[in-house]
Amino acid sequence: MAALALRCVGRRCLLARLGPSLSLQHVVPMGTTAKEEMARFWEKNTSSTRPLSPHITIYKWSLPMAMSITHRGTGVALSLGVSLFGLAALVLPEQFPHYLALLKSLSLGPALIYSAKFTLAFPLSYHTWNGIRHLAWDMGKGFKIPQVNQSGVLVLILTLLSAAGLAAM
């Protein structure tokens, strides 16, 4: 009941405030159009010689920066690889052993096979070791700049060794 009374009072106040003749004469015209605003924006920013936002050329590349970008890239690559492999397993007509035998029948050299296996093992190894590094950071360990650089070099060494070991299997 109270809600109904409040709604009626609210409507009366609103109608009394706006009046029955709400028309376009009450609308305030805009000062400028969007096109004029954009023209003024670009004129102002092109007259100053500074960049609009930080760009990749401003920053000096560091090991942690490159490793962060690589970690994201390997994550995306691994996700796409697993998704495509799963999709291929669903769509292709034969079973996996058939395609493995087809690959063996190509008689590829051992150097090419090792290189291909290393190329497949590298993102997995890198993402795993760098993920362990991130877990250490989540525990609050290794945030000083020398420690960040040392752990980065350690991740790269462990990645190369483990990828080489996986490729040799």
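Look a little higher up for the structure.
Residues numbered from 1 in each chain as written. Predicted model: local features only at pLDDT ≥ 70, side-chain atom pairs only at ≥ 80, totals over all residues. Heavy atoms only, no water.

**As for the overall build of the chain**
No. 1: When its secondary structure is counted, the chain shows 6 helices and 0 strands.
No. 2: Relative to its full complement of 169 residues, the chain shows a buried share of 11%.
No. 3: Nonlocal contacts in the chain, meaning residues at least 24 apart in sequence, comprise 78% of its contacts between residues at least 6 apart.
No. 4: Accessible surface computed for the chain: about 14000 Å², of which carbon and sulfur atoms make up 72%. (Helix = DSSP H or I, 4+ residues; strand = E, 2+ residues; numbered from the N terminus. Buried < 20%, exposed > 50% of the residue type's maximum accessible area, 1.4 Å probe, protein only. Contact = heavy atoms within 4.5 Å. Areas by Shrake-Rupley, 256 points an atom, 1.4 Å probe, with all protein chains shown as cover.)

**Here's the deal with the packing of aromatic side chains**
No. 1: Evaluation of the coordinates by the stated rule reveals 5 aromatic pairs.
No. 2: An angle of 70 degrees between the planes, with centres 6.2 Å apart, marks the rings of F85 and F96 as edge-to-face. Of this pair, F85 sits in helix α3 (residues 63-91) while F96 sits in helix α4 (residues 96-105); the two residues are 11 residues apart in sequence, bridging distant segments of the chain.
No. 3: Ring centres 6.3 Å apart and planes at 15 degrees place the aromatic pair F122 and Y126 in the stacked group. With F122 and Y126 both in helix α5 (residues 110-138) and 4 residues apart, the pair spans about one turn of that helix.
No. 4: Classification of Y126 by relative accessible area gives buried; the value is 2%.
No. 5: The structure contains a cluster of three or more aromatic residues connected by ring pairs, namely F118, F122 and Y126. (Phe/Tyr/Trp six-rings, centres within 6.5 Å; stacked < 30°, edge-to-face > 60°.)

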